[in-house]
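# A look at the structure
Single-letter residue listing:
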Amino acid sequence: MAKRTLESFYKPISKPKKPRIEDNPPPSSYSRHPSYPFPIADLPPSIANAFPDLPATTPRSITNQSHLDLLYYQPFIPPTTARELFHFLRRELPFYRVQYTIRRGPNTTQINTPRFTTVFGVDDTSLFTPNNDSRLVDSKWHNPIPSTKYKYTPRPIPACLDALRQRVEAATADGTRYNFCLVNYYATGDDSISYHSDDERFLGPNPSIASLSLGAQRDFLMKHKPAEKIDAAPIKMPLGSGDMVVMRGETQANWLHSIPKRKGGEAHRGRINITFRRAVVPGGTDNYYNYNVGEGKVYRWDEDEGRMRDAIVYNGHGHTSPDTPVLGRYSIEDDDRRSREGRDVGFSSSVMGITTQEWPDAHEATANTAFCLSGLRALVGQGVAVRPGADSHDKSAPREA
Ligand SMILES: O=C(O)CCC(=O)C(=O)O
Ligand SMILES: [Fe+2]
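Residues numbered from 1 in each chain as written. Chains lettered and ligands numbered in written order. Predicted model: local features only at pLDDT ≥ 70, side-chain atom pairs only at ≥ 80, totals over all residues. Heavy atoms only, no water.

Working definition: the strands of a sheet are paired by backbone hydrogen bonds and lie parallel or antiparallel to each other. Strand order in the open sheet formed by seven strands is β3-β4-β15-β12-β17-β10-β7, with antiparallel pairing between adjacent strands. Two strands bound the open sheet, and with one partner strand each, they are β3 (60-62) and β7 (116-121). The average undirected angle you get between the axes of adjacent strands in this sheet is 20°. Note: strand β10 (residues 180-186) against strand β17 (residues 271-277), seven bridges, orientation antiparallel. (Pairing = 2+ DSSP bridges. Helix = DSSP H or I, 4+ residues; strand = E, 2+ residues; numbered from the N terminus. Axes fitted to C-alpha atoms, helices over the stretch in contact; angles between N-to-C directions.)

Here the iron ion (ligand 2) is held by the protein donor atoms His-196 (NE2), Asp-198 (OD) and His-257 (NE2), which lie 2.1 to 2.2 Å from it. Counting the intervening residues between successive donors of the iron ion (ligand 2) yields the motif H-x1-D-x58-H. The exposure class of Asp-198 is buried, given its relative accessible area of 6%. (Donors = N, O, S within 2.8 Å, 3.2 Å for Na, K, Ca; no water. Buried < 20%, exposed > 50% of the residue type's maximum accessible area, 1.4 Å probe, protein only.)

Another aspect to go through is the site of ligand 1. Taken together, Asn-184, Tyr-186, Ile-193, His-196, Asp-198, Phe-220, His-257, Ile-259, Arg-271, Asn-273 and Arg-277 form the complete shell of residues around ligand 1. Asn-184 is positioned such that a nitrogen or oxygen atom in its side chain is 2.9 Å from an oxygen atom of ligand 1. With respect to ligand 1, the side chain of Asn-273 contributes an N or O atom lying 3.1 Å from an oxygen atom. Bound to the protein, ligand 1 loses 96% of the 290 Å² it would expose on its own. Elements represented by at least two residues in the shell around ligand 1 include exactly β10, β11 (193-196), β16 (255-259) and β17. Of the residues that constitute the shell around ligand 1, the class distribution is four nonpolar, four polar and three charged. (Near = heavy atom within 4 Å. Polar contact = N/O pair within 3.5 Å; in protein donor to acceptor, adjacent residues only side chain to side chain. Areas by Shrake-Rupley, 256 points an atom, 1.4 Å probe, with all protein chains shown as cover. Nonpolar A, V, L, I, M, F, W, Y, C, P; charged D, E, K, R; others polar.)

Time to look at the sheet that holds β11. Pairing within the open sheet is antiparallel, and its four strands lie in the order β11-β16-β13-β14. The open sheet has two edge strands, β11 and β14 (235-239), and neither has a second partner. In this sheet, neighbouring strand axes are inclined to one another by 15° on average, regardless of whether the strands run parallel or antiparallel. Where strand β13 (residues 218-224) meets β16, four bridges bridge the pair, whose relative direction is antiparallel. Residue pairing across strands places Leu-221 opposite Ser-258, the latter belonging to β16.

Turning to the UniProt feature "binding site: 2-oxoglutarate" (unreviewed entry) in the protein, a few remarks are in order. Within this numbering scheme, the UniProt entry marks Asn-184, Tyr-186, His-196, His-257, Arg-271, Thr-275 and Arg-277 as carrying the feature "binding site: 2-oxoglutarate" (unreviewed entry). Within the element layout of this structure, His-257 appears in strand β16. Apart from the residues lying within four places of it in its own chain, the contact partners of His-257 are Ser-194, Tyr-195, His-196, Ser-197, Asp-198, Phe-220, Leu-221, Met-222, Met-247 and Gln-252. Looking at the secondary structure, you find Arg-271 in strand β17. (UniProt positions renumbered as here; feature names shortened; annotations may be inferred. Contact = heavy atoms within 4.5 Å.)

This part is about the pattern of salt bridges. This model, assessed by the stated rule, comprises 16 salt bridges. Measuring nitrogen to oxygen at the nearest pair gives 3.1 Å for the salt bridge that ties Arg-309 to Asp-302. Of the two residues examined, Arg-309 and Asp-302, each falls in the buried class. For Glu-305, the salt bridge identified is with Arg-307, shortest N-O distance 2.7 Å. For Arg-307, a relative accessible area of 42% corresponds to the partly exposed category. One network of salt bridges, in which partners are shared, links Asp-162, Arg-165, Glu-169 and Arg-177. (Salt bridge = Lys/Arg side-chain N within 4 Å of Asp/Glu carboxyl O.)

Pasting the structure below:
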C-alpha cells in the first residue's frame, strides 16, 4: 500500500481541484506580532508590484452640496489587482463578529454587529517601534507604555495593509497621516452598516477618512444630518471593487453614511471595506478595538468551505507574550512516521486553518491556544496519534486568545 503522508489525510478526495485565484503559493514572509491571533501574510509580488502605480485614476472632487467634501476614485485600484487583493485580505486577516450591549435608561439591548470586522493601529500618543519585535512606546519619549494605558492590546498595522496605507496617504492630498486601519467584511447582502457618521471626538475636528471597497458592489448611501434651512439631496454611490471615497472637511460633522442590506445583484458575493483614519487620543484606540475586535472568537476565511469559520489560533512559542503559561508540549505521530515534531509537521490548512510556515513550532501549545487542542483532537479523529510530550507541564484549562 502506498504510504500516506499526514497532509494527504486532509486533501479533499472527491472534489477535483480547479485552478482558482485563491490557490496562491504560500507567502514567503509574514507580519508577526504577539497581539495577532496568527501571523499575517505579506502581499505577494503580483499585488505589491502594482502598488507604485496607484491611484489608477485621478479622483473626482464632489463638493456640490452643503458641507460635503468628497474625493471619489473610480477606481483607486484597477480591477485585476483589486480582485486579487480582495481574495488575499479575506483569506489572510483575522475577523470578528462583535457583540456588545447598549444601555438606554433602564433598558439594555444586545447588539450583534451585522458584519465581520477587524482593526489595526494605535492613536497618536503611542507608536510601535519600527522593527520586527515592534513594541508599543509613547510617542514623545519612546518609553514603554504602562500596561494600564489601554484596555485592549493595540495591534500594529500589518505590512500588507501598511503598503496600502502609504499609497492612500500619498493620494489623500491634505497631508493626513493615518494611524488606524479598520476592515469590514460583508459576507452577503444581509450584512450592513446603519446610518452613522465617523465624527467621534477622538478623531479631532474635520477628520479625513479614506474608504476603499473591494469585491461585491454595494450601495453607499449618504444623507445630511437633520438641519434647518439645509436643502441637501441624499446621495447613492454604487461602490465597485477598487473604488475609494475620501470623506474630508466638514463631511463627518454634517452627513451620515450607510451600507444598507440588499437583495439580488451581487448580494451573495462578499465585500471588503477598508477605512484609514487618524485617532488622536487613547480613547480612540480603546473604542476601535472594543467595537471591531471585542472579546469574542476569531474567524478566518475557509477557502474549501467558502465561508468564515472559527479560526485556529496559534499564539505559541515565538508569538507568545512572556506571561502566557505553557499548557503542554505535544509531538504528533502519523501512520508513516513514528514522530513528527516542530517544523516537520505538515498539517493541511483545511484542517488546521494554518500552514506549516505559519506554525513553525507546532510542538508547543500554550494556554491561550485553545485551538491547538481542538486541532489536535481533529487529528486524533483521523487516526493520528497525539501524545503529550515528555516535558509537558501546567495543564490548566485552555482559554481563548
Ligand atoms: O463599508 C463601507 O463602505 C462603509 C464602512 C463605514 O462606514 C465604517 O466602517 O465606518
Ligand atoms: Fe463610517
